[in-house]
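Results of the structural survey
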Amino acid sequence: MEFSIHVETGTPGMALGFPAAALRACAGDEVGLLLDGAYRGRVRLRRKRGRVFVSLPTYTLARELDLLDPENGRSILGKSCFILPCYAFGIGTVTFADRAVVGGFSVSGLDDQVQVDCLENGHVLMRGFARRVVDARYRFSLPFPRMLTQDRPAACMFRIAGLPLDGPPLLVTMTMLGVRGHVDPSRAGEVAGWVCDLNAPERRVAVDLVRDGVVVQTVMADRPRADLLAAGIGDGQGGFSFTLPRDGSFSEPTEISVVLSGTALNLVNSPLAVSAPPAVRGVFDRLHGMSAHGWALNLTDPKRPVEVEAVCGERVLARATANLFRGDLLEAGLNDGFCAYKIDLGEQMLDLLGQEIVVRVAGRPGMVLEGAPRIATQNPNLLRYLKPGRGLDPSVLPRLRRALDRRVGALVLSIIMPVHDTPQEWLVRAVESVLAQWCGHWELICVDDRSTAPHVAAVLGAFARRDRRIRVLASQANGGIARATNLGLRAACGDYVTFLDHDDCLEPDAVYHLLKAARDSDADFIYSDEATTDENIDSIAEIKARPAFSYDYYLSHPYFVHMLCIRRRIAYEIGGWDEGMAISADVDFVLRALGRVETIAHVPRVLYRWRTHGGSAGHSRQDAVMQATRGAIQRHLDRHHPGATVSDGAGFNQFRVDWPAARGRILIVIPTKNKADLVRAAIESIERTARGEDYRIVVVDHESTDPEAIGYFASLGGRHVVMPYRGDFNYSRINNQAVRKYGGDAEFVLFLNNDVEATSAGWLDRMRRLANRPEVGVVGALLLYPDRRVQHAGVILGFNGSADHAFKFGDVYGPGDARVLGYNCSLTSVRDFSAVTAACMMMRRAVFEQVGGFDESFKIGFNDTDLCLRVREAGFKVLYDGHTVLYHYESATRSVTKQVMHPEDTRRMLERHAGILRDGDPFYNPNLSVTVQDHVLRDDDGCGRGAVRVVGPTKQLWRNPAIEGRVIP
């Protein structure tokens with residue numbers, strides 16, 4: 001194709017002119033430009049004197065050109081035109097000098113600066129610009145970017161203005177550079193390496209640490225290195241090291257370069273990504289229960305919590321955030337005490353026994369916390385249950401039996417065991433567990449419920465012949481477990497009766513502890529702790545450690561199944577088990593028994609081993625269990641609490657009881673100092689979630705100084721009451737004065753912190769319904785931190801030396817926002833505690849006044865705990881309600897170090913309530929840990945030493961003798 005070159009004076013670049021006929025196919029003013037097969041966009045056509053001109057770009061060279069129709073993308077010219085000669089391009093000499101590639105070339109029609117690329121193996125090694133020297137001549141100098149190794153020279157090819165050049169490569173060697181150097185593999189917080197001047201090995205060389213083009217540090221490479229000396233590199237004195245600053249600027253992986261000082265010459269392995277870990281201190285204190293415990297603190301940024309992980313071998317087991325509170329860390333001055341962690345290992349802990357567990361900073365294999373590794377071991381208090389006969393020397397058993405028989409007096413326990421087609425091994429084990437009892441005051445009544453397996457009758461008959469205390473009754477038809485149990489009840493002769501499933505077994509001290517509790521307490525009803533297993537009854541899966549009897553807890557979650565023991569007379573009077581119930585008859589039996597018994601005792605010892613397996617009715621028929629148990633609870637409520645209703649709760653075997661509606665004004669007392677934002681959120685949340693309720697809010701203003709708070713409190717005048725308070729902070733006095741001044745027409749009082757927020761409707765009415773019951777003195781709620789972990793779910797007396805919140809920092813919601821049930825479903829139940837927090841606590845005003853209100857000698861701390869304990873001493877219940885959920889931004893207005901520690905209040909509480917602290921919280925099982933983590937089996941020698949706890953439930957039931965039951969026929 002014919003074309004001409006056209007250069008316009010004063011304008012960079014050039015244009016190609018084509019005959020107009022050649023571009024006749026293009027009717028428009030633009031065409032597509034294709035240079036060396038690469039599309040460069042559209043260019044405008046200029047028509048002049050029968051020719052059409054196309055301007056060429058001034059930044060690139062090309063060998064060939066084609067023009068495309070912008071409508072269809074087809075070539076207008078028919079074929080490409082070879083245009084390279086138009087540029088008059090010529091390459092000069094390219095050499096290496098002063099650690100740079102230098103050279104020149106000539107070219108027409110381009111800008112004053114032209115891009116030059118130096119390529120190695122097709123990749124850009126250097127990039128820079130050639131500058132016009134004169135007319136069409138250009139010169140360039142490209143500093144070499146990196147040092148070389150002895151065995152790998154660089155073969156450099158070139159590309160000028162986008163045009164790859166042919167010809168042999170320029171070889172650059174380490175010797176030509178005159179220097180060699182290397183950066184070592186990255187280590188946390190440090191960048192090290194070496195450098196050597198090949199022309200003067202004794203001369204020391206400086207190196208720069210560069211980040212984002214800025215020199216961060218410069219050091220002299222003058223440190224001795226044995227590896228350099230051994231390799232004969234210089235005199236072995238070329239080492240260097242940079243310490244990364246721990247100011248957070250390198251907390252994340254960051255790309256840096258290490259270059260010869262004052263140049264852009266990178267050492268081998270530069271650039272590279274480095275990071276300076278936070279200055280973390282931490283300790284792996286212990287494995288406790290199924291969790292790893294300790295603390296970790298970022299000393300550079302203490303308010304940024306450290307993520308930690310537990311590791312076994314190469315496997316990360318679980319992670320946690322070190323942001324929990326521990327008093328000892330506060331006393332040590334570590335981040336106000338908020339740097340502890342608890343890593344939940346869960347059931348996998350059983351698979352880790354005997355293996356080493358390490359805790360480290362998450363994702364940092366080299367940052368292992370002090371105290372690691374620790375060996376995962378079985379809790380010694382579980383191990384003793386795994387020893388046959390508890391490891392007791394058989395030779396001492398006769399003497400032990402005589403001693404225990406004397407201690408229980410004349411009492412006898414009847415053990416009733418319905419049997420139906422039990423596997424032979426399981427049946428033998430069940431009966432042998434009775435024969436192995438250390439106390440001999442028992443009889444075993446085996447009721448064969450028309451078994452079809454031939455070994456059942458043979459096994460039972462053999463045992464009956466072996467010991468006269470074993471009796472076998474044969475049912476004429478398979479009538480089910482309730483009917484079989486009643487057959488045994490009719491035949492029983494003991495003072496008390498208990499029940500043994502045919503596939504379970506008793507611990508050897510079971511009979512003794514039940515009868516000893518009966519003799520010492522004269523209780524009508526007794527229950528104990530138990531161990532659950534899988535099909536292998538010698539493998540303990542879990543210890544069910546229960547509190548003293550809690551009526552509301554049993555209605556929410558029938559929390560004890562085994563082992564229960566009742567006076568035989570009462571079992572007769574209530575008609576035994578309901579033979580019309582194929583399932584949950586045991587729960588129905590207990591609920592009917594509660595209408596007759598005067599006292600209930602809890603033996604805080606594992607006396608029963610429950611074999612759980614797929615054939616267990618409670619595990620294979622959950623829907624039927626829920627329906628039957630719900631019906632039993634509703635019938636009980638109809639008998640004793642007309643108007644109360646039951647519905648399904650948060651999980652299996654959990655129920656929600658709604659009590660009859662209560663009337664009466666609620667006085668809501670909110671103390672504060674400043675913090676208008678918190679008070680506004682609290683009040684607006686009440687207004688939003690308690691519409692239509694009869695309440696009066698009293699904001700007690702303790703000398704607020706913030707103008708915003710003062711203005712907001714003034715704006716409340718038409719809706720709520722603002723009560724000024726002067727003087728030193730005294731939480732007890734503040735609340736007492738508010739109740740005395742504004743509670744005269746209120747039936748109920750709700751004490752509420754200024755940093756509590758309600759989110760769900762109905763909570764206020766629910767608390768009032770619970771508080772309205774005559775036997776209830778105090779009602780508390782489930783309070784959450786902003787991250788939806790537990791802030792309060794009841795108070796445990798004696799935990800960590802004084803008292804603390806149960807389940808603190810535990811999860812409340814799981815996957816899909818399903819409620820986490822907590823230990824033995826405590827989190828989602830209504831249950832007794834010894835105390836609850838006054839951050840959200842409701843009482844009847846009459847009860848508050850009866851006990852004298854808050855004790856004003858408790859100015860800051862434990863005033864709520866003291867009040868609850870005095871309410872319990874007055875004969876009332878203290879309830880935690882797991883269905884009432886609010887958020888609590890704990891102590892947002894008071895200094896942690898000055899007001900939350902309250903040593904004087906702690907001392908006073910320990911002195912006043914020394915008895916319960918010594919004897920143990922009745923609603924916290926003494927076999928559970930009282931340090932570090934609550935509701936896990938303790939691992940010291942305190943297990944099995946708790947005293948029997950006795951509760952008199954007579955005030956909890958409204959009795960209707962006419963419908964309470966019948967005497968067993």
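In the block above lies the structure referred to throughout.
The text that follows walks through the structure, step by step, so that each part is easy to find. Since this is a predicted model, take the numbers as computed values, not measurements. Each residue is numbered by its place in its chain's sequence as written, counting from 1. Only residues with pLDDT of 70 or above have their local features reported here, since the model is predicted, and side-chain atom pairs are shown and tallied only from 80 upward, although totals for entire chains, interfaces and linings are computed over all residues. Hydrogen atoms and water are omitted, and side-chain values are computed over all heavy atoms in the structure.

**Here's the deal with the overall build of the chain**
Regarding its fold elements, the chain presents 23 helices and 54 strands. A compact globule built from 969 residues should have a C-alpha radius of gyration of about 30 Å, whereas the chain, at 42 Å, is more than 25% larger. Dimensions of the chain, computed from the C-alpha atoms along their principal axes, are close to 125 × 80 × 70 Å. Burial classes follow relative accessibility: with a 1.4 Å probe on protein chains only, a residue under 20% of its type's maximum area counts as buried, one over 50% as exposed, and anything between as partly exposed. The buried share of the chain, reckoned over its 969 residues, is 53%. By definition in these notes, contact holds between two residues if any of their heavy atoms fall within 4.5 Å. Here the contacts in the chain between residues at least 6 apart in sequence split such that 70% fall between residues at least 24 apart. Summed over all atoms, the accessible surface of the chain reaches about 41400 Å², with 50% contributed by carbon and sulfur. The charge count treats Lys and Arg as positive and Asp and Glu as negative. His and the chain ends do not count. Where a charge sits is defined by one atom per residue type, namely NZ (Lys), CZ (Arg), CG (Asp) or CD (Glu). Averaged over its 114 positive side-chain charges, the chain has a centre that lies 1 Å from the centre of its 116 negative ones. Going along the chain from the N terminus, every DSSP run of H or I of four or more residues is numbered as a helix, and every run of E of two or more is numbered as a strand. Throughout, radius of gyration means the C-alpha value; the globule benchmark is 2.2 Å times the number of residues raised to the power 0.38. For accessible areas, the Shrake-Rupley method is used with a probe of radius 1.4 Å. Any residue's cover is judged against the shown protein chains and nothing else.

**Regarding the environment of C505**
Position of C505 among the secondary structure elements: in strand β35 (residues 505–506). When its relative accessible area of 4% is taken as the criterion, C505 is described as buried. In this structure the C-alpha to C-alpha distance between C505 and L716, which are 211 residues apart in sequence, comes to 65 Å. With near-sequence residues (within four places) excluded, C505 lies in contact with R429, A430, S433, L500, I537, Y608 and R609.

**A few points about the sheet that holds strand β18 (residues 205–211)**
Only strands that DSSP links by at least two bridges are regarded as paired with each other. Taken in spatial order, the 4 strands of this open sheet run β19-β18-β21-β22, and their pairing is antiparallel. Bordering the open sheet on either side are β19 (214–221) and β22 (272–274), each of which pairs with just one other strand. For this sheet the average axis-to-axis angle between neighbouring strands, irrespective of direction, equals 35°. Relative to β19, β18 runs antiparallel, the two sharing 7 bridges. Axis lines are fitted through C-alpha atoms, for helices just across the contact stretch, and the angle between N-to-C directions can take any value from 0 to 180 degrees.

**Structural notes on the side chain of R766**
Tracing the chain through its elements places R766 in helix α18 (residues 763–771). Not counting the four nearest positions on each side in its chain, R766 is found in contact with R656, V657, D658, V830, D881, H883 and T884.

**Description of the pairing of strand β25 (residues 306–312)**
Taking burial as the measure, the 7 residues of β25 include 6 buried ones, the bulk of the element. Of the pairings in the sheet, the one linking β25 to strand β26 (residues 315–322) comprises 7 bridges and is antiparallel in character. Opposite A310, over in β26, you have A318 as the bridge partner. Taking the residues that link successive antiparallel strands as the turn, the β25-β26 hairpin has 2 residues, and the phi of G313 there is positive, at about 65°.

**Remarks on α18**
For α18, a buried count of 8 out of 9 residues is recorded, marking the element as mostly surrounded by other parts of the structure. Every buried residue of α18 is accounted for by W763, L764, D765, R766, M767, R768, L770 and A771.

**Some points on the packing of helix α15 (residues 676–689) against helix α16 (residues 707–715)**
Direction vectors running N to C along α15 and α16 enclose 30°, while the axes themselves pass 9 Å from each other. If you check the angle between α15 and α16, you find them roughly parallel. Mapping the contact onto sequence places A676, V679, R680 and I683 in α15 and E708, A709, Y712 and F713 in α16. Here the contact of α15 with α16 is built from residues that sort into 6 nonpolar, no polar and 2 charged. To sort the angles, those under 35 degrees are grouped as roughly parallel, those over 145 as roughly antiparallel, those from 65 to 115 as roughly perpendicular, and the leftovers as oblique. In the scheme used here, Gly and all other residues not listed as nonpolar or charged are polar, with Ala, Val, Leu, Ile, Met, Phe, Trp, Tyr, Cys and Pro taken as nonpolar and Asp, Glu, Lys and Arg as charged.

Geometric descriptors of this kind do not, in isolation, establish any biological role.
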